[in-house]
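# Architecture at a glance
Listed below, chain by chain, are the residues.
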Amino acid sequence: MNHIKRFCAAFLTLGLLAFTGCTVQGSAASGSVSDSTLPETDSTASMTLIGIALAGGAEGNDSLDGQAAELQTTLQNAGFSVEVAYAEENGDTQSRQLNAMIEDECAILIVEAVDADAIDDALTAAGQAGIAILACGTSLDNGAVTCYVGTDYAAMGAAQAAYLVEVLGLDGEDAGSDSYTLELVAGDTAADRLIFEGAMEVLNEYLTSGQLTIPSGRQSYEDVATADAADRMEDLLTTYYSGGENLDVLLTTSNETCSAALTVFNDSYKGSVYPIVVGAQCGLESVQWLSDGYLAMTTLTPEVSYADQVLTQIRQIRNGETAEDCLATGEVVTADNFLEVLVDSGLYSVSLTGEVTEGASEESRDDTGTEDVPVVDYEAEDDLEGDSSEAQ
């Protein structure tokens, strides 16, 4: 733990890097646009068929963070015809659904991708047919995509890298005099890939200079991405760190990946130096690891109001305007600010025993009345024992 504290003490809280386009900032950014600023619905809206291709299932309504129904209703209320398809987390299914929407002559496609590679040909076909494509949730690397609305995952990765550059002093006065070992464990989703690529775009400079080294040699996304982070972490430790070799930095790309990797790491790591562990897309497990002192930094995924943003972009497209990307940037969370960002905001609660739970506690920290309770600051345990014996 001293290793983490030593480096974290030098760190000043970082915000996620803002990229180009329409940027929505904050951990609970809505990105909404008031109805008064939107063009009035014209008489041809009902003639415009919009296809919504969602990643999840209809029953759980877990697509677009549970906003699928709101998105559909908002577009219908604006006068558009809407066709919805749920891919049930199957990329091939989504590809077929998109091709069906092209045949139905949808004018606009709203796509929450399951697998970018699986739908790449369908997106290209849509672009060739003159269909506008709005990517939601995760950006898509296809030239046919018109615009994107969602979280700037690449900026999350860049923020991880910026944190490491700061706490390790890679750009400081002594830059280059020390070398640190780094290992990478990534999830296998499109968001994980973007986070990984955003981090590596920054860290490649220091890998080239030798200030960072990867003992395992596993540096590409294909080498580190996995659906089973626990197994990947166990393999790393067994193959490269079984003799007590020290690891300085461990980078992970999601809440689930971080938690699984740390569970195995703490059971099997034999080194004498505990690494700086960075994560992303923090959830309950990550917040617990952070609270317990094992996770040095993570990023809070912002909330995005998809319905408002998508409606704005659709109207921009129909008016012949350039529909800009709307990228929501979250917030870096460390031990220094996690109470303010995660607890005071009501996202999480921490009990007196250190257990983290979701949601605000029954009484917020500001409403407990503790300011009126006198606090006795004992300098040492011996003072308590001495007072006790004198009383007897």
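Throughout, a residue's number is its position along its own chain's written sequence, starting from 1. Given that the model is predicted, a residue must reach a pLDDT of at least 70 before its local features are reported, and side-chain atom pairs must reach 80 or more before they are shown or counted; all residues, however, enter totals for whole chains, interfaces and linings. In computing side-chain values, all of the structure's heavy atoms are included and hydrogens and water are not.

## So, the packing of aromatic side chains
- Under the pairing criterion, centres of Phe, Tyr and Trp rings, with the six-membered ring standing for Trp, must be within 6.5 Å; the plane angle then separates stacked pairs below 30 degrees from edge-to-face pairs above 60, leaving the rest tilted. Within this structure, the stated rule accounts for five aromatic pairs.
- Aromatic pair Phe265 and Tyr274: ring centres 5.8 Å apart, planes at 90°, arrangement edge-to-face.
- Whether a residue is buried, partly exposed or exposed follows from its accessible area with a 1.4 Å probe, protein chains only, as a fraction of its type maximum: under 20%, in between, or over 50%, in that order. Exposure remark for Phe265: the relative accessible area of 0% places this residue in the buried category.
- Look at Trp289 and Tyr294: their rings are 5.7 Å apart centre to centre, the planes differ by 85°, and that puts the pair in the edge-to-face class.
- Looking at Trp289, the relative accessible area reads 15%, which means it is buried.
- The partly exposed category is assigned to Tyr294, whose relative accessible area is 29%.

## A closer look at helix H2 (residues 68-77)
- Secondary structure elements are taken from DSSP: a helix is a run of H or I of four residues or more, a strand is a run of E of two residues or more, and numbering for both begins at the N terminus. Buried residues of H2: Ala68, Leu71, Thr74 and Leu75, and no others. Projection of H2 onto a plane perpendicular to its axis shows the buried side chains occupying an angular sector of 130°, all on one side.
- Elements in contact with the buried residues of H2: strand S2 (49-54), strand S3 (81-86), strand S4 (108-111) and helix H11 (306-318).
- After H2 finishes, the residue Gly79 shows a positive phi value of roughly 105°. Read the arc as the range of directions from the helix axis to the C-beta atoms. Only heavy atoms enter the contact rule, under which two residues are in contact if any of them lie within 4.5 Å.

## Looking at the pattern of salt bridges
- Any Lys or Arg side-chain nitrogen located within 4 Å of an Asp or Glu carboxyl oxygen qualifies as a salt bridge. Scanning the model with the defined rule gives three salt bridges in all.
- One salt bridge in this structure joins Glu197 and Arg193, with 3.4 Å as the shortest N-O distance. With Glu197 and Arg193 both in helix H6 (residues 190-209) and four residues apart, the pair spans about one turn of that helix.
- Residue classification places Glu197 among the partly exposed residues on the basis of a relative accessible area of 37%.
- The salt bridge involving Glu222 is made with Arg193; its shortest N-O contact spans 3.4 Å. Remark: Arg193 occurs in helix H6 and Glu222 occurs in helix H7 (residues 221-224); sequence separation between them is 29 residues.
- Residue Glu222 is classed as exposed on the basis of its relative accessible area of 56%.
- The structure contains a network of salt bridges with shared partners spanning Arg193, Glu197 and Glu222.

## What to know about the pairing of strand S7 (residues 180-185)
- Of all six residues making up S7, six are buried, and the element is well covered by its neighbours.
- The alternating pattern of S7 places Tyr180, Leu182 and Leu184 on one face and Thr181, Glu183 and Val185 on the opposite face, and all of these are buried.
- Pairing between strands is defined by DSSP: at least two bridges between the two strands are required. Relative to strand S8 (residues 212-213), S7 runs parallel, the two being bridged by two bridges. Residue pairing across strands places Tyr180 opposite Leu212, the latter belonging to S8.

## A closer look at the side chain of Gln67
- Here Gln67 is to be found in the loop between S2 and H2.
- Excluding residues within four positions of it along the chain, Gln67 makes contact with Val304, Ser305, Tyr306 and Ala307.

## Details of the packing of helix H3 (residues 91-103) against helix H4 (residues 120-128)
- Two elements in contact, H3 and H4, have axes separated by 9 Å at closest approach and are oriented at 10°. In terms of axis orientation, H3 runs roughly parallel to H4. Taken as a pair, H3 and H4 cross one another with a handedness that is left-handed. Mapping the contact onto sequence places Ser95, Leu98, Asn99 and Ile102 in H3 and Ala122, Leu123, Ala125 and Ala126 in H4.
- The residue classification treats Ala, Val, Leu, Ile, Met, Phe, Trp, Tyr, Cys and Pro as nonpolar and Asp, Glu, Lys and Arg as charged. All others, Gly included, are polar. Across the contact of H3 with H4, the residue classes tally to six nonpolar, two polar and no charged. The axes used here are C-alpha line fits, helices contributing only the stretch in contact, and every angle between their N-to-C directions lies in the interval 0 to 180 degrees. Roughly parallel refers to an angle under 35 degrees, roughly antiparallel to one over 145, roughly perpendicular to one between 65 and 115, and oblique to any angle outside these ranges. Handedness of each helix crossing follows the sense of rotation of the near helix against the far helix: counterclockwise by less than a right angle gives left-handed, clockwise gives right-handed.

This is a description of form; function is not addressed.
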